[in-house]
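Listed below, chain by chain, are the residues.
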Amino acid sequence: MADVIDLITRDHRRVEDLFEQLKNGGGDRAALMEEVARLLIAHSRAEEERVYPVIAKEVPGEEQEVQHSEEEHQEAEELIHRLLEAGPDSGAFDDLLDQLVGAVTQHVEKEESEVLPALRDAVTGDRLAELAEEFGERREEALEEYEPSAGGATAPGMTRDELYEEAREHDIPGRSRMNKDDLARAVQEEAEDEQ
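In what follows, the accompanying structure is described.

What counts, and where the lines are drawn
- Residues numbered from 1 in each chain as written.
- Predicted model: local features only at pLDDT ≥ 70, side-chain atom pairs only at ≥ 80, totals over all residues.
- Heavy atoms only, no water.
- Salt bridge = Lys/Arg side-chain N within 4 Å of Asp/Glu carboxyl O.
- Helix = DSSP H or I, 4+ residues; strand = E, 2+ residues; numbered from the N terminus.
- Buried < 20%, exposed > 50% of the residue type's maximum accessible area, 1.4 Å probe, protein only.
- Contact = heavy atoms within 4.5 Å.
- Axes fitted to C-alpha atoms, helices over the stretch in contact; angles between N-to-C directions.
- Parallel < 35°, antiparallel > 145°, perpendicular 65-115°, else oblique.
- Left-handed = near helix turned anticlockwise from the far one by under 90°.
- Nonpolar A, V, L, I, M, F, W, Y, C, P; charged D, E, K, R; others polar.

Bringing the pattern of salt bridges into the picture now. Close approach of charged atoms allows side chains with opposite charge to pair. Counting across every chain of the model gives 19 salt bridges. A salt bridge links Arg 139 to Asp 11; the shortest N-O distance between them is 2.8 Å. Within this pair, whereas Arg 139 is found in helix H5 (residues 125-145), its partner Asp 11 is found in helix H1 (residues 4-24), the two being separated by 128 residues in sequence. Between Glu 77 and Arg 45 there is a salt bridge, and its shortest N-O distance comes to 2.4 Å. Separated by 32 residues along the polypeptide, Glu 77 in helix H3 (residues 63-86) and Arg 45 in helix H2 (residues 29-58) bring together distant segments of the chain. Note on Glu 77: relative accessible area 2%, which makes it buried.

Right under this line is the structure:
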């Protein structure tokens, strides 16, 4: 059975394959970008909510790296939103894609060379298997929660990604860990506080 490190690295390889397809210009670039967005966002949510807390608690000296990783996830999400907004026909798309590929590649290299090996050394194989189950479940939930950039929004007339951007603009803490309903509530509360 795969452990959580196997699942995380499997996602990394899939994203790298998608990046390669996007950079080569083959296929439907808009659909490929949606797939990258969906996978990266779901992967980030699952890591931040299920894996990073364990790393911060169980792996000596990794608390700062976890925080840095979460910041890198936010940077990647911001680039994803800009890419989705620009679209593959935009003159800015390839430059933004290069930025995203560079940021994600750097994040993956650090995670696979330092953070994940430290996790493997710090916790038992049974715990890694439990984490795989928790990560996989949260990842699947996040994949289901993801709404395409052009998809119909439900609450309150905005997609989860749009709500996230709103929360980011208002500097709402913990936004990367919130689901769509939580983001909608937090943004609504912020709007009410400003009135």
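So, on to the side chain of Glu 49. Inspection of the secondary structure puts Glu 49 in helix H2. Apart from residues lying up to four places away in sequence, Glu 49 is in contact with Arg 138, Ser 176 and Arg 177.

Here we come to the packing of helix H6 (residues 160-169) against helix H7 (residues 180-194). For the pair H6 and H7, the least separation of the axes is 9 Å and the interaxial angle reads 40°. Judged by the inter-axis angle, H6 sits oblique to H7. Considering only the axes of H6 and H7, their crossing is left-handed. Here Arg 160, Leu 163, Tyr 164, Glu 166 and Ala 167 of H6 lie close against H7, whose contacting residues are Lys 180, Leu 183, Ala 184 and Val 187. A breakdown of the residues in the contact of H6 with H7 according to their chemical character gives six nonpolar, no polar and three charged.

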